[in-house]
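# Observations on the three-dimensional arrangement
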Amino acid sequence: MHELSIASAILEAAQREAALHQNAPLQKIAVRLGELAAVDPEALRFSFEMITKATEFEAVELELEFVPRTNRCADCGSDFVVKDFEFRCPSCGGVNTSFLRGDELELAYLELQS
């Protein structure tokens, strides 16, 4: 389960950032998780809870922001969410579309106690 190593990396990155702010206690870690990131959100949440249990980080909330696969139409410039593998632009019907976002796996923000 690679979600365990991802959860560990998320916590380590958050700790490094908190250290830059006089080690302010973490309250929330928000992660942007793309549809195509190949990460199971529930496994990631479980892994995070497992590595923080009985530690000073047990109360830290992990918030997951889902990012759907989005394409852009080269013909009309519209951005649209790809559903059911339909890559045709819903605005103009064009087929000349390209991937825009949906593979993210990144820290979105941290909330620190002041």
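I will try to describe carefully the structure that is included in this document.

### Some details on the nonpolar core
Counting residues in each nonpolar core, the largest one holds 18 residues, and the members touching the most others are Leu26, Ile29, Leu44, Phe48 and Leu62. Counting only elements with at least two residues in this core, the list comes to helix 1 (3-19), strand 1 (26-34), helix 2 (41-52) and strand 2 (61-67). Tallying contributions element by element places helix 1 first for this core, with six residues. Not counting chain neighbours up to four residues away, the residues in contact with phenylalanine 48 comprise Ala7, Leu11, Ile29, Val60 and Leu62.

### What to know about the sheet that holds strand 1
Sheet architecture is open: three strands sit in the order 2-1-6, paired in mixed fashion. Looking at the sheet topology across the chains shown, the edges are occupied by strand 2 and strand 6 (105-112). For this sheet, the mean angle separating the axes of adjacent strands, direction not counted, is 20°. With seven bridges joining them, strand 1 and strand 6 adopt antiparallel strand pairing. From the neighbouring strand, leucine 26 faces strand 6, where its bridge partner is leucine 112. The sheet contacts of helix 2 involve strand 1 and strand 2, and relative to strand 2 the element is tilted by about 165°.

### Observations regarding the sheet that holds strand 3 (residues 70-73)
Spatially, 4-3-5 is the arrangement adopted by the three strands of the open sheet, whose pairing is antiparallel. In this open sheet, the two strands that pair with only one neighbour each are strand 4 (79-81) and strand 5 (97-101). Averaged over all pairs of adjacent strands, the angle between strand axes in this sheet comes to 40°, irrespective of strand direction. The pairing of strand 3 with strand 4 spans three bridges and is classified as antiparallel. Looking at the pairing, threonine 70 lines up with valine 81 of strand 4.

Cut-offs applied
Residues numbered from 1 in each chain as written. Predicted model: local features only at pLDDT ≥ 70, side-chain atom pairs only at ≥ 80, totals over all residues. Heavy atoms only, no water. Core = buried A, V, L, I, M, F, W, Y, C linked by side-chain atoms within 4.5 Å. Buried < 20%, exposed > 50% of the residue type's maximum accessible area, 1.4 Å probe, protein only. Helix = DSSP H or I, 4+ residues; strand = E, 2+ residues; numbered from the N terminus. Contact = heavy atoms within 4.5 Å. Pairing = 2+ DSSP bridges. Axes fitted to C-alpha atoms, helices over the stretch in contact; angles between N-to-C directions.

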